[in-house]
Amino acid sequence: MDARIRKKPGIARFEAYLWMLPTLTLVSVFVLFPVLESVYMSFSKVSKAGIIKSFGTLDNFRYVLKQPVFPRVIVNTVVWTVLIVLISIVISITLAIVLNERFHLRRITRTMLLFPWATSGFITACVWKYALDYQYGSVNALLIRSGLVKKNINFLGNADSAFAWLIFVGVFVTVPFMTFTLLSGLQSISVDYYEAATIDGAGFWDKLFKITLPLLRPAINVTIVLNVIYCFNSFVFVHTITGGTPAHRTDTIMTYLYWMAFSKGNYGAAAAISVIGFIVLLIFSVIYMNVQMKEETA
Amino acid sequence: MKKTLALLLALIMALSLAACGGAPAASSEAGNEPAAESQQESKEESKEESSAQPASSEEAEPAAEEGPIEINFVAAQYSDATEAYMRKVVEAYEKEHPNVKINLEVIGWDSISTTVNTRVANKQAPDLYNGGSAGEYIEDDFLYKPEDILSDELIADFYPTFWKNNIVPGLGEVYQIPYVASVRALYCNKKIMDEVGVKPPKTWDEVRDVCAKIHDFYNGDVYAWGIDASSTEGQTTVAYYCWSNGGGYVDADGNYILNCPANVEGFTYMKELYDNGWTNENPTSETRDDLQKLVAADKLAMLVTACFFPALYPDTELYISDIPYNDKTQSSSSTLAVQDALIFFNENAKATTDSPEKLAAIADFCDYFYAPENYTPFMIQEGLLPATISGAEKLAQDDPEKAAYMSVLEGGKFYARSKPNWKDCSTSCADAAQNVLTGMQTPQEALDEAQAVVQE
Amino acid sequence: MNVNYSKWFRAALYIIAAITCLIILYPYVVMFFSSVKGMDEIYRIPGTLLPEKWNLSNYLTVWKHIPLGYYFRNSAIVACGATALSITCAIPTGYALARMNFPGKKGFMQFIIITQMFAPVVLLVGIYKIMMTFHLTNSLFGLILLIAAFNQAFSSWLLSGTFATISRELEEAATIDGCTRLQAVIRVIIPLAAPGIVTAVIHAFIGAWNEYTLTLVLISDTYKKSLNVGIRAFFGYTNVEWWYVFTCSLLTTLPILLLFQAIDKYIVGGLTAGGVKG
């Protein structure tokens, strides 16, 4: 397809950069510079007020890696990201298939799905924390009134159940955007495939696994990469609902980093955590893309 | 398809137009910031010129040439009424002093340090700031000593106990002045206590006794004792359970003693209350706010909390008592007094130089702000206590009930906030309390770890 | 899958849809009920489900507590400005990525993705520094630039996917008619890609409308703050005024839902292109 363009001599080959100039400028100035600054800070000695004193030390990384809770924080982050993305993918595929059918609740369900997408993360986090409260939360009030339980349930009481609920909230906000992305992928699959399959006598599950999912692969891949980055970097849900308590056992990299910088005043260590987080994400994307490519060629 | 795009563009335009309709200045603000700013400045200059003339000539004339003296003040938000009150004070001051402009910014507690520290790291610190403590900024030499810039009258007006607490250990200097104060006490729900027939406990043993009685009386439906070891208040556990046993954050010389035997015993006592089922079930996540609600709802009998609590729930009848102490090691209780501090960033933390006139204006504004007629009503509004002698005198007239706290305040003990790494101490105390309460670590292990952190 | 299945399949559709609606609606119902409860009812234990007294006046009094009008104005300016800028920049980038082959294309794609891997909360100090250099702190215009910059990755990725689905012939036909390449993009490609552009617009708009951290740190003037920053006024030192928090929350969410409703039918179509081709 690019035969014509490749023939173009000299400067014309770089025309693309002219088209991308606005984006390049914006990203280099406002994103790349702060990123470099943060990396620089991670290798520097930094005062309590956040002033860089001298460059060229690994102390920040050493300090972070010897924190007893840090492995737990990394594991939390991975569990948080992987579970949210996996659960959301399963729910979103189901919902996309449902919403691709014509039935009475379709329009209202689609409208409903827009709600969590439109609401800011902070507000969503606040209302779930409020609703799940042990003492006055309305989830407990509802369960008691309906006679399902006798005593209030301590949803956010211990680290494990609190973390489970954090993942629930994460799924709650991830599903809408994912569903819409997959739904649009679904709508672009030609009806002919299904008609042919029906003639061959294929049932629902056959069609799902032999037609729908394989053809949806590109869309699924894209949402996975994007949402892994989003979930990994999401901050407001954990920060608002548990704040990492008890003793960092519900912290993720982002909230731990925030705590390190602004509660503890160790900016150098916070920058080091952000670099470590970046490396984890980078490793993920390299592995994921390699696996993808292998599968595609196989 | 073209229609779609046209519709979309029209929508965006309509939205932005509607948005700008409210205030004509807005569009220029968004589109052309520098122009809008210079506009604003010239407006202020002209306003200042017109009003400056009648004022005394020495003060007004230099200012008319250079523009007004600008003071940046970042203040913490205590309630949604804070900003309105402070703006009133600032505007009144600006009216009296047309050559001074105070840029007041009021920010909530959860984000104030994020905001200010980002600016400080870029040498854009405000002139006045009351959301942090001096310790963080001493290392970089970012702070004025209040004695160097404020009036002697104001310095003399602060309670000596605050002043003493603000001396930085090892340096012997003071870098912050008290801004607001509060004290903690044991508040007991009168209805519950009377029903069970118990009095507010004075000692640890009495606490155990009263807790057991309340627990048995209600068959566990009412919590006897409230523990708040949440992340924002977790450091208080050392003050509540260790001071009362002779321990604490630091010794008399200002050295950290987090893992001293008295502290370990204090944390063991706290854990014992929790393990016996006498306390709230989620001490690591339930905040002071939540626990106060429980007391007001007759679900929790006893809670150590701050003196603004009764005013929030005027319908709840309370017994107020000292924080219980261990009578085997101590002869009396000790109260936690908390002060929020006001600090003054110097030129090292700012891109501009501070003229002598500006420093004089800061001193003058502080005099105005701390004048009892401005300061005390503010404290009453927020449910807090004044840190000045004159302010307390006015409080005695305006709100005698609250003034009773002032004597407690004077005898109170403080956080070791002037220690440079107080933030480390505060966060690791909270972590230690959470680790102990969830059974992850023994009190000894948890406090050893905390001590290791602060000694780094 | 427009094929009729058994009645069990139909039943499953209804059940799944109904459960989804209920779960999603739940927090909004909680928000609404709490927003009209009074202080004593909010703090009651156990909590009430329905409000005993409907304090609808909260929706009026909240305007007196914080300068909500200004917040709405500022949020609208920033969201509209950042959306417009972000899409204007992302359209040529998306086009170049979809249609042109150039040295360093793969590197550019990776660069764009990598910039997404740092959340703004990590970068605050550096961001402040760069904004200071350009005298853009405390400026809505600066905020617009910044938010647009952080949005570039998603927008240009999505748009390049959309553009790639558009037939090349149409564009070439326009060129033969005497259009330059730029004119062809404006007259042919953009109208055809409208659904994809709408999706990018919505994504950018929501992101900008709900932005919190950058606004908090960069904007110091009370009257330039946004809704999401302003709402924090109700999280006080001594207590949280939940009724006002939720009143504001609903008022904040409403404009976006209206926007959605206005352009609802374009949303799904737009994501098609980006999802499959990207």
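Definitions and limits used
Within any chain, residue numbers begin from 1 and follow the written order of that chain's sequence. Key to labels: chains lettered from A, ligands numbered from 1, both in the order written. Where local features are concerned, this predicted model is filtered to residues with pLDDT of at least 70; where side-chain atom pairs are given and counted, the filter is 80 or more; whole-chain, interface and lining totals use all residues. Here a strand is any run of E in DSSP of at least two residues, a helix any run of H or I of at least four, and the numbering for each starts at the N terminus. With C-beta atoms placed from the backbone, a residue is buried if 20 or more other C-beta atoms are within 10 Å of its own, exposed if 12 or fewer are, and partly exposed between those counts. Remark: residues whose backbone-derived C-beta atoms lie within 7 Å of one another are considered to be in contact. What pLDDT reports is the predictor's confidence in each residue, on a scale of 0 through 100. In the scheme used here, Gly and all other residues not listed as nonpolar or charged are polar, with Ala, Val, Leu, Ile, Met, Phe, Trp, Tyr, Cys and Pro taken as nonpolar and Asp, Glu, Lys and Arg as charged. Helices are assigned an expected span. That span is 1.5 Å times one less than the residue count. Regarding the arc, it is the one traced by the directions from the helix axis to the C-beta atoms. With axes taken as lines fitted to C-alpha atoms, and helix axes fitted only over the stretch in contact, angles between N-to-C directions fall between 0 and 180 degrees. Under this scheme an angle from 65 to 115 degrees is roughly perpendicular, one under 35 degrees roughly parallel, and one over 145 degrees roughly antiparallel; angles in between are oblique. Where each domain starts and ends follows an automatic or database-derived domain assignment. Strands are labelled as partners when DSSP assigns at least two bridges between them. Two helices crossing with the near one rotated counterclockwise from the far one by less than a right angle form a left-handed crossing, whereas a clockwise rotation gives a right-handed crossing.

On to the overall build of chain C, then. When helices and strands are tallied, chain C shows 13 helices and zero strands. Starting at the N terminus and ending at the C terminus, chain C contains elements arranged as α-α-α-α-α-α-α-α-α-α-α-α-α. Seen through its principal axes, chain C has C-alpha atoms that stretch 70 × 65 × 30 Å.

Bringing the overall build of chain B into the picture now. Looking only at helices and strands, chain B has 23 helices and eight strands in total. Residues classed as buried in chain B amount to 52% of the 456 residues present. Taking the intrachain contacts of chain B between residues at least 6 apart in sequence as the baseline, contacts between residues at least 24 apart amount to 72%.

Another point: the confidence of the model for chain B. Summarising the model, chain B shows a mean pLDDT of 83, and 86% of its residues fall at 70 or more. Between residues 1–64 of chain B, whose pLDDT stays under 50, and residues either more than four places distant or in other chains, the model counts 67 contacts.

Let's shift gears to the confidence of the model for chain C. Parts of the prediction with low pLDDT should not have their coordinates interpreted in detail. All names here are of chain C. On average, chain C scores 84 in pLDDT, and the residues at 70 or more come to 93%. Across chain C, the element-wise mean pLDDT spans from 72 in helix α13 (residues 242–277) up to 93 in helix α4 (residues 68–99). Below pLDDT 50 for its whole length, residues 270–278 participates in 38 contacts with residues either more than four positions away or in separate chains. Scored as a whole, the predicted complex attains pTM 0.86, and scored at its interfaces, ipTM 0.86.

Here we take up the interface of chain B and chain C. With 41 residues of chain B at the interface, the matching set in chain C holds 45 residues. Of all the secondary-structure elements, those providing two or more residues to the side of chain B that touches chain C are α1 (2–21), α2 (25–31), α6 (109–121) and α15 (288–296) of chain B. It is α1 of chain B that contributes the most residues to the side of chain B that touches chain C, nine residues altogether. Here the side of chain B that touches chain C is built from residues that sort into 18 nonpolar, 13 polar and ten charged.

Attention shifts here to helix α23 (residues 443–455) of chain B. Residue and element names in this part refer to chain B. Its 13 residues give α23 an end-to-end C-alpha distance of 18 Å, which sits within 8% of 18 Å, the value for a rise of 1.5 Å per residue. For α23, the full list of buried residues reads Pro-443, Ala-446, Leu-447, Ala-450, Val-453 and Val-454. Across the axial projection of α23, the buried residues extend over an arc of 115 degrees, all falling on one side. Exposed residues lying more than 90 degrees from the buried face of α23 are Ala-452 and Gln-455.

Our focus in this paragraph is the interface of chain A and chain C. Between chain A and chain C, the contact holds 85 residues from the first and 73 residues from the second. Of all the elements, helix α3 (residues 21–42) of chain A adds the most residues to the side of chain A that touches chain C, at 13 residues. By residue class, the composition of the side of chain A that touches chain C is 56 nonpolar, 21 polar and eight charged.

Glancing now at the packing of α3 of chain A against α4 of chain C. The description of two helices packed together rests on the angle between their axes and the distance between the axes. Direction vectors running N to C along α3 of chain A and α4 of chain C enclose 120 degrees, while the axes themselves pass 7 Å from each other. Considering the angle they form, α3 of chain A stands oblique to α4 of chain C. Of the residues in α4 of chain C, those touching α3 of chain A at Pro-22, Thr-23 and Leu-26 of chain A are Cys-89, Ala-90, Pro-92 and Thr-93 of chain C. In terms of residue class, the contact of α3 of chain A with α4 of chain C is made up of five nonpolar, two polar and no charged.

Looking now at the domain arrangement of chain B. Residues and elements named next belong to chain B. Partitioning chain B into domains gives domain 1 (33–182 + 339–410) and domain 2 (183–337 + 421–454). For domain 1 versus domain 2, the separation of C-alpha centres amounts to 34 Å. No other element matches helix α21 (residues 405–410), which puts three residues into the side of domain 1 that touches domain 2. For the side of domain 1 that touches domain 2, the per-class residue count stands at seven nonpolar, six polar and one charged.

Our focus in this paragraph is the domain arrangement of chain C. Residue and element names in this part refer to chain C. Domain boundaries in chain C define domain 1 (1–65) and domain 2 (66–273). Using only C-alpha atoms to locate each centre, domain 1 and domain 2 end up separated by 29 Å. Contacts between domain 1 and domain 2 engage twelve residues on the former and ten residues on the latter. Considering each element in turn, the side of domain 1 that touches domain 2 owes the most residues, five residues, to helix α3 (residues 58–65).

This brings us to the pairing of strand β4 (residues 176–189) of chain B. Residues and elements named next belong to chain B. The buried fraction of β4 is high, at 14 of 14 residues. Relative to strand β8 (residues 337–344), β4 is paired through seven bridges, and the arrangement is antiparallel. Pairing of Val-180 across the sheet is with Asp-340, part of β8. Pairing geometry for β4 and strand β6 (residues 300–306), over five bridges, is antiparallel. Among the inter-strand pairings, Ala-185 is bridged to a residue of β6, identified as Thr-305. Bridge analysis of β4 against strand β7 (residues 318–321) gives four bridges, and the strand direction is antiparallel. The residue bridging Cys-188 from the neighbouring strand is Tyr-319, located in β7.

All names here are of chain B. Taken as a whole, helix α19 (residues 389–398) has its buried residues at Gly-391, Ala-392, Lys-394 and Leu-395. Across the axial projection of α19, the buried residues extend over an arc of 160 degrees, all falling on one side. Contacts from the buried residues of α19 go to α18 (372–382), α20 (400–403) and α21.

Residue and element names in this part refer to chain B. Of note, Ala-185 is situated in strand β4. The exposure class assigned to Ala-185 is buried, which follows from the 25 C-beta atoms found within 10 Å. Spatially, the C-alpha atom of Ala-185 lies 29 Å from that of Met-440, the residues being 255 residues apart in sequence. In contact with Ala-185, not counting residues within four places along its chain, are Cys-307, Ile-320, Ser-321, Asp-322, Ile-323 and Thr-335.

All names here are of chain C. Phi angles above zero are rare outside glycine, and His-135 is one such case at about 55 degrees. Here His-135 shows up in the loop between α6 (124–133) and α7 (140–165). You will see that Asn-138, though not glycine, has its phi angle at about 55 degrees, which is positive. Relative to the elements of secondary structure, Asn-138 occurs in the loop between α6 and α7.

Let us look at the pairing of β6 of chain B. Residue and element names in this part refer to chain B. Along β6, seven of the seven residues are buried, which leaves the element largely enclosed by surrounding structure. With three bridges joining them, strand β5 (residues 223–226) and β6 adopt parallel strand pairing. Counted as the bridge partner of Gly-226 is Leu-303 from β6.

Glancing now at the packing of α18 of chain B against α19 of chain B. All names here are of chain B. Interaxial distance between α18 and α19 falls to 9 Å at its minimum, and their mutual angle equals 60 degrees. As the angle between them shows, α18 and α19 are arranged oblique. Helix-helix and strand crossings are classified by hand; for α18 and α19 the assignment is right-handed. Judged by residue contacts, Pro-372, Tyr-375, Thr-376, Met-379 and Ile-380 of α18 engage Ser-390, Gly-391, Glu-393, Lys-394, Leu-395 and Asp-398 from α19. Along the lines of polarity and charge, the residues of the contact of α18 with α19 split into five nonpolar, three polar and three charged.

Right, let's get into the environment of Ala-75 of chain B. Residues and elements named next belong to chain B. Note that Ala-75 resides in strand β1 (residues 69–76). Taking the C-beta count within 10 Å as the criterion, Ala-75 has 23 such neighbours and is therefore assigned buried. With 32 residues separating them in the primary sequence, Ala-75 and Ile-107 have C-alpha atoms 6.4 Å apart. Look past the residues within four positions of Ala-75 in its chain and what remains in contact with it is Met-86, Leu-104, Val-106 and Asn-130.

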